[in-house]
Amino acid sequence: MTLQAVILDVDGRLVLSNDAHAKAWVEAFKDFGYEVSFDKVRPLIGMGGDQVVPKLISQLSGESGEGKVIADRRKELIINKYAPNLPAANGSRQLLLKMKNEGLRLIIASSATSEELSLLLKAAQVDDLLEEATTSSDAESSKPSPDIVEAALKKLNKKPDEVVMLGDTPYDIQSAKEAGVSVIAVRCGGFDDSQLEEAIAIYDDPADILANYDNSPLSK
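These numbers come from a predicted model, not from an experiment.

1. What to know about unusual backbone geometry
Leaving glycine aside, a negative phi is the common case for residues, and trans is the common case for peptide bonds.
Then comes step 1: Here the bond from Lys 143 into Pro 144 is cis, since omega is 15°, no more than 30 degrees from zero.
Then comes step 2: In this structure, Pro 144 sits in the loop between strand S3 (133–134) and helix H7 (147–156).
Then comes step 3: Phi at Gln 125 takes a positive value of approximately 65°, unusual for a residue other than glycine.
Then comes step 4: For Gln 125, the position within the fold is in the loop between helix H6 (114–123) and S3.
Then comes step 5: With a phi close to 60°, Asn 157 is a non-glycine residue in the positive phi region.
Then comes step 6: Assignment of secondary structure puts Asn 157 in the loop between H7 and strand S4 (163–167).

2. Thoughts on the pairing of strand S2 (residues 105–109)
Then comes step 1: Within S2, 4 of the 5 residues are buried, which leaves the element mostly enclosed by the surrounding structure.
Then comes step 2: Looking at chain direction, strand S1 (residues 5–8) and S2 are connected through 4 bridges and run parallel. By the bridge assignment, Ala 5 is partnered in S2 with Arg 105.
Then comes step 3: Pairing of S2 with S3 involves 2 bridges; the strand directions are parallel. Bridge pairing in S3 links Ala 109 to Thr 134.
Then comes step 4: A crossover links S2 with its parallel partner S3, the connecting element being H6, and its sense is right-handed.

3. A look at the pattern of salt bridges
Then comes step 1: By the definition in use, this model includes 15 salt bridges.
Then comes step 2: Residue Asp 138 pairs with Lys 155 through a salt bridge whose shortest N-O separation is 3.9 Å. Here Asp 138, found in the loop between S3 and H7, pairs with Lys 155, found in helix H7; they are 17 residues apart in sequence, far enough to count as distant.
Then comes step 3: Overall, the relative accessible area of 34% leaves Asp 138 in the partly exposed class.
Then comes step 4: Via salt bridges that share partners, Asp 9, Lys 143 and Asp 172 belong to a single interconnected network.

Cut-offs used in this document
- Residues numbered from 1 in each chain as written.
- Predicted model: local features only at pLDDT ≥ 70, side-chain atom pairs only at ≥ 80, totals over all residues.
- Heavy atoms only, no water.
- Helix = DSSP H or I, 4+ residues; strand = E, 2+ residues; numbered from the N terminus.
- Buried < 20%, exposed > 50% of the residue type's maximum accessible area, 1.4 Å probe, protein only.
- Pairing = 2+ DSSP bridges.
- Right-handed = clockwise from strand over helix to strand, strands pointing away.
- Salt bridge = Lys/Arg side-chain N within 4 Å of Asp/Glu carboxyl O.

These values are about where atoms sit, not about what they do.
Following this line, the structure appears as structure tokens:
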């Protein structure tokens, strides 16, 4: 089957935001009297906030009560404190332009809210290149659930084998795999190859994919 579309994760893939998300979680929990270390939060980045909260503080829910308030505080910190200073991943804009020029349809699949996503895409300097997106509001469950990837497939009106996803975390791979979509992974999100081993290919960053484009799964 000829590749027709690409599903894109944003955090860690187009913009180097994973450390910032972890720092925002630490700060948000601290604001409510919980001491959570950066090293404990960082491996969970890539999951939806509703799933991160109970993994860090078991008695809290990420969907209601104090846990939801903490998750909302984390979002506020990302929007107002961290997003304006985030660097784009190396080669993000150039890779997206290449894919568009090759006739591939692009869609975002992110656990972020629409407000967060808008700021993250601006930080990645690709907000003018992406018109279609699925966000947390399009899915009942966040990553690593397949809901967001399935929502993207529905918007694209494509079969899983006509699409590939670009991701940076094991949660992207799990989410996509359950939806029947293969993943090309990048290391710039901070996860090592052993955590990304179920991807069909692994590259350093978008610039590395671009440099090897003709031999990558994107050219198939």
